[in-house]
Amino acid sequence: MKVASTERSFDVESIRKDFPILLREVNGKPLVYFDNAATSQTPQQVIDAIVDYYSRYNANIHRGVHTLSQEATDAYEEARRKVQQHFNAAKAHEIIFTSGTTHAINLVASGFSTLLKVGDEIIVSALEHHSNIVPWQMLAEKTGAILKVIPMNEQGMLKMDEYQQLLSEKTKLVFVNHVSNALGTVNPIKEIIDSAHNRGAAVLVDGAQAAPHIKADMQELDVDFYAVSAHKMCGPTGVGMLYGKEEWLKKLPPYQGGGEMIATVTFEKTTYADLPHKFEAGTPDICGGIAFGAALDYMNSIGYENIAAYEHELLAYATQELLKIEDLRIYGTSVEKTAVISFNIGSIHPYDIGTIIDKLGIAVRTGHHCAQPIMDYYKIPGTVRASFAFYNTREEIDNFVGAVKRAKNMLS
Ligand SMILES: *Cc1c(COP(=O)(O)O)cnc(C)c1O
């Protein structure tokens, strides 16, 4: 299919050629990769950036006077500016490279342990990934702050009126995901942010699941913190970003001590480096940061509007075809959702479906998707989750739906 575009024209067959892994066979069948919400596949352009770094200019950054070190430093800082531009942050030093979303959230949670006191309130949503729950529980335990939860409804949407009730002068921090990884729900984060700010509370948005589908604008959202992982948006594992408003990053203490994050060190007193280095102790994933920049270039060459339009079609088609299967129930039916389908068939265990369709070359995820509270809400142990990317096709969906039907016949 083709979608009109200002970028490179959207031709899925030509896009697929960028991804060497899509040529693979699994169990003698062509790979159908529908586990994109867990990690995306890597285009040749990003693989080339990694090979180029290690082949030509691998060196430690920021301290070296020699040429290789300067080239590596320039490329790493250029990648930071690409991340800044992509997310429209006001300043490059508001972009902190982290090892991923989990690291980014822990950095903020750890910093807030010095800012919260007994009786302060922090608000989480019922739709979160464990990595946006557990660090805050640990924070609440440490500080005596009270953790409150925005409940969800049957469609997998947040109950916004109840959110408004939870907010008060005691609220210091709200943390929600932009998109739920288990259900695909797109949360109304602008409303969440504005309401929190009206009460003087800060907001952290876990953007891990949004970043592959939605281009979030930090200034327009006026968000305080935003976290993503490169590996969910065509980049490598081991790198991600924390966006933080300058005023907040100045207020938070450093997360880890070490090299790179200091200005001066004596045994009496150490002074910390300026942003962003204050939060980047030790040698970072230099190659990963550069490859993250290459991944953003790649995503932008396809174009987020093209990606959203095409994935929306895949989602609508797969939803329609799956619902033809008797006893199949889809969890997460928000109008605003990304290309994720979580489902079960009757009382068949999701793991059994996942195992059978893997034999047919199809990769999906089964289980609680690191979001046990959502599974508890629906009173299920887990779901089968198929999550699509812009390099997937309708033919792959046909293949997948056929495989699910076969699995159902074998298991019921
Ligand atoms: C994947 C994911 C995370 C965790 O990302 P890591 O790369 O494992 O740190 C957090 N939140 C959401 C919504 C996710 O999808």
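Treat the numbers as computed from the prediction; the structure is a model and nothing was measured.

Structural notes on the UniProt feature "domain: Aminotransferase class V" (unreviewed entry) in the chain
In step 1: Mapped onto the present numbering, the UniProt feature "domain: Aminotransferase class V" (unreviewed entry) falls at residues 32-400.
In step 2: Secondary structure content for residues 32-400 is 39% helix and 18% strand, and the end C-alpha separation is 8 Å.

Points about the environment of Thr270
In step 1: Along the chain, Thr270 falls in strand β12 (residues 270-272).
In step 2: Between the C-alpha atoms of Thr270 and Gly257, which are 13 residues apart in sequence, the distance is 9.9 Å.
In step 3: Once you skip the residues sitting within four places of it in the chain, Thr270 turns out to touch Ile262, Thr264 and Val265.

Side note on the site of the ligand
In step 1: By nearness alone, every residue bordering the ligand is listed as Thr101, Thr102, His129, Ser131, Asn181, Asp206, Ala208, Gln209, Ser229, His231 and Lys232.
In step 2: Ser229 is positioned with one of its side-chain polar atoms (N or O) 2.7 Å from an oxygen atom of the ligand.
In step 3: Contact between the ligand and Lys232: an oxygen atom at 2.8 Å from a side-chain N or O atom of the residue.
In step 4: If the ligand stood free it would expose 380 Å²; the protein chains cover 85% of that surface.

As for the domain arrangement of the chain
In step 1: Domain annotation for the chain reports domain 1 (12-43 + 303-411) and domain 2 (47-301).
In step 2: Between domain 1 and domain 2, the C-alpha centre-to-centre distance is 28 Å.
In step 3: Between domain 1 and domain 2, the contact holds 39 residues from the first and 37 residues from the second.
In step 4: In total, about 3,100 Å² of surface goes out of reach between domain 1 and domain 2, with carbon and sulfur atoms giving 55% of it.
In step 5: Linking domain 1 to domain 2 there are 1 salt bridge.

What counts, and where the lines are drawn
Residues numbered from 1 in each chain as written. Predicted model: local features only at pLDDT ≥ 70, side-chain atom pairs only at ≥ 80, totals over all residues. Heavy atoms only, no water. UniProt positions renumbered as here; feature names shortened; annotations may be inferred. Helix = DSSP H or I, 4+ residues; strand = E, 2+ residues; numbered from the N terminus. Contact = heavy atoms within 4.5 Å. Near = heavy atom within 4 Å. Polar contact = N/O pair within 3.5 Å; in protein donor to acceptor, adjacent residues only side chain to side chain. Areas by Shrake-Rupley, 256 points an atom, 1.4 Å probe, with all protein chains shown as cover. Domains from an automatic or database assignment. Buried area = accessible area lost by both parts, 1.4 Å probe. Salt bridge = Lys/Arg side-chain N within 4 Å of Asp/Glu carboxyl O.

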